[in-house]
Amino acid sequence: MADKQQGESGNTAKPLTKSEGEEIVQKFQTLRNEQRSLMAKISELEQDLNEHKIVIETLQDVSPDRKCFRMVGGVLVERTVNEILPALTNNRDQLSKVIDSLNEKLVNKGKEVNEYKEKHGIRIRGQDDIKETQGQQTNVAPSTQGVLVSNKS
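If you're wondering where the values come from, they're calculated on a predicted model, not measured in any experiment. (Residues numbered from 1 in each chain as written. Predicted model: local features only at pLDDT ≥ 70, side-chain atom pairs only at ≥ 80, totals over all residues. Heavy atoms only, no water.)

1. Describing the packing of helix α2 (residues 18-60) against helix α3 (residues 81-119)
Where α2 contacts α3, the axes come no closer than 8 Å and their chain directions differ by 160°. When the axis of α2 is compared with that of α3, the two are roughly antiparallel. Relative to α3, the crossing made by α2 is left-handed. Residues of the contact of α2 with α3, tallied by class, amount to 22 nonpolar, eight polar and 13 charged. (Axes fitted to C-alpha atoms, helices over the stretch in contact; angles between N-to-C directions. Helix = DSSP H or I, 4+ residues; strand = E, 2+ residues; numbered from the N terminus. Parallel < 35°, antiparallel > 145°, perpendicular 65-115°, else oblique. Left-handed = near helix turned anticlockwise from the far one by under 90°. Nonpolar A, V, L, I, M, F, W, Y, C, P; charged D, E, K, R; others polar.)

Structure below.
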């Protein structure tokens with residue numbers, strides 16, 4: 001009996017109950033929220049990476065014995081450029097690795113969202129309308145666009 005129900009659930013002809021539909025939508029929203037949080041984290045880390053690159057470029061032109069300050073855990077610490085530069089370089093490299101890892105997770109999450117969307121026949125309001133209007137616009141013959149034709153001789 002369970003096998004029969006599983007086979008029927010894959011069929012789009014069977015209407016879903018309200019609770020099943022809500023459960024599917026909830027799972028889809030959860031997947032999309034996870035995807036958004038990954039994108040936000042990647043964006044935040046890319047900003048940190050860019051800041052590290054700018055500081056490293058700036059400190060490379062400065063004398064290694066010059067004093068500089070670094071924020072460590074909310075505390076401003078005084079060091080020399082020679083002491084700070086290797087730590088910044090290491091942090092930059094680690095940030096790059098983490099960003100690459102998160103990008104891979106984001107791609108996998110995107111695939112998971114699309115598979116779930118296709119599996120359950122989810123259509124997002126607004127996106128389908130845009131695709132339809134773009135499809136209608138491409139069907140118009142390009143030779144008649146923006147051309148005024150007069151039948152008078």
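That covers the picture; the talk isn't over yet.
2. Quick word on the pairing of strand β2 (residues 75-80)
Each regular strand carries side chains that alternate between the two faces of the sheet. Where strand β1 (residues 67-72) and β2 come together, six bridges link them in antiparallel fashion. By the bridge assignment for β2, Val72 is matched with Val75. Following β1, the chain reverses through two residues before pairing antiparallel with β2; Gly73 in that reversal takes a positive phi of roughly 60°. (Pairing = 2+ DSSP bridges.)

3. A short note on a nonpolar patch on the surface
Side chains of Phe69, Met71 and Leu76 sit close together on the surface and give an oily, nonpolar patch of about 360 Å² of accessible area. Residue position: Leu76 is located in strand β2. (Patch = residues over 30% accessible without salt bridge, like charges linked within 9 Å, V, L, I, M, F, W, Y side chains within 5 Å. Areas by Shrake-Rupley, 256 points an atom, 1.4 Å probe, with all protein chains shown as cover. Salt bridge = Lys/Arg side-chain N within 4 Å of Asp/Glu carboxyl O.)

4. So, the pattern of salt bridges
Applying the stated criterion to the full structure yields five salt bridges. The partner of Lys109 in a salt bridge is Glu34, and the shortest N-O contact between them spans 2.5 Å. In this pair, Lys109 is assigned in helix α3 and Glu34 in helix α2, connecting sequence segments 75 residues apart. Since its relative accessible area comes to 33%, Glu34 is described here as partly exposed. A salt bridge links Lys109 to Glu112; its shortest N-O distance comes to 3.4 Å. A residue pair is termed a helical-turn pair when its members lie 3 or 4 positions apart in one helix, as Lys109 and Glu112 do in helix α3 at three residues. Residue classification places Lys109 among the buried positions, given a relative accessible area of 13%. Note on Glu112: relative accessible area 34%, which makes it partly exposed. Salt bridges sharing partners connect three or more residues here, namely Glu34, Lys109 and Glu112. (Buried < 20%, exposed > 50% of the residue type's maximum accessible area, 1.4 Å probe, protein only.)

5. Observations regarding the confidence of the model for the protein
Scored by pLDDT, the protein comes out at a mean of 82, with 74% of its residues at no less than 70. Within the model, pLDDT remains below 50 along residues 1-11, and this stretch shows one contact once partners closer than five positions in the same chain are excluded. (pLDDT = per-residue confidence, 0-100. Contact = heavy atoms within 4.5 Å.)

6. Details of the environment of Leu59
Take Leu59: it is sitting in helix α2. Sequence separation of Leu59 and Leu85 is 26 residues, and the distance between their C-alpha atoms is 7.2 Å. Excluding anything up to four places from it in sequence, Leu59 contacts Val81, Ile84, Leu85 and Leu88.

7. Structural notes on the layout of surface pockets
A volume near 180 Å³ is recorded for the second largest pocket. Asp48, Glu51, His52, Val55, Leu59, Cys68, Phe69, Arg70, Met71, Ile84 and Leu88 together form the lining of the second largest pocket. At the level of secondary structure, the elements contributing two or more residues to the lining of the second largest pocket comprise α2, β1 and α3. Broken down by element, the residue count for the lining of the second largest pocket peaks at five residues, all from α2. In terms of residue class, the lining of the second largest pocket is built from seven nonpolar, one polar and three charged. (1 Å grid on protein atoms, 1.4 Å probe; cavity = no way out; pocket = protein on both sides within 12 Å on 5 of 7 lines; lining within 4 Å. Points joined across faces, edges and corners; volume = space filled by probe spheres on them.)

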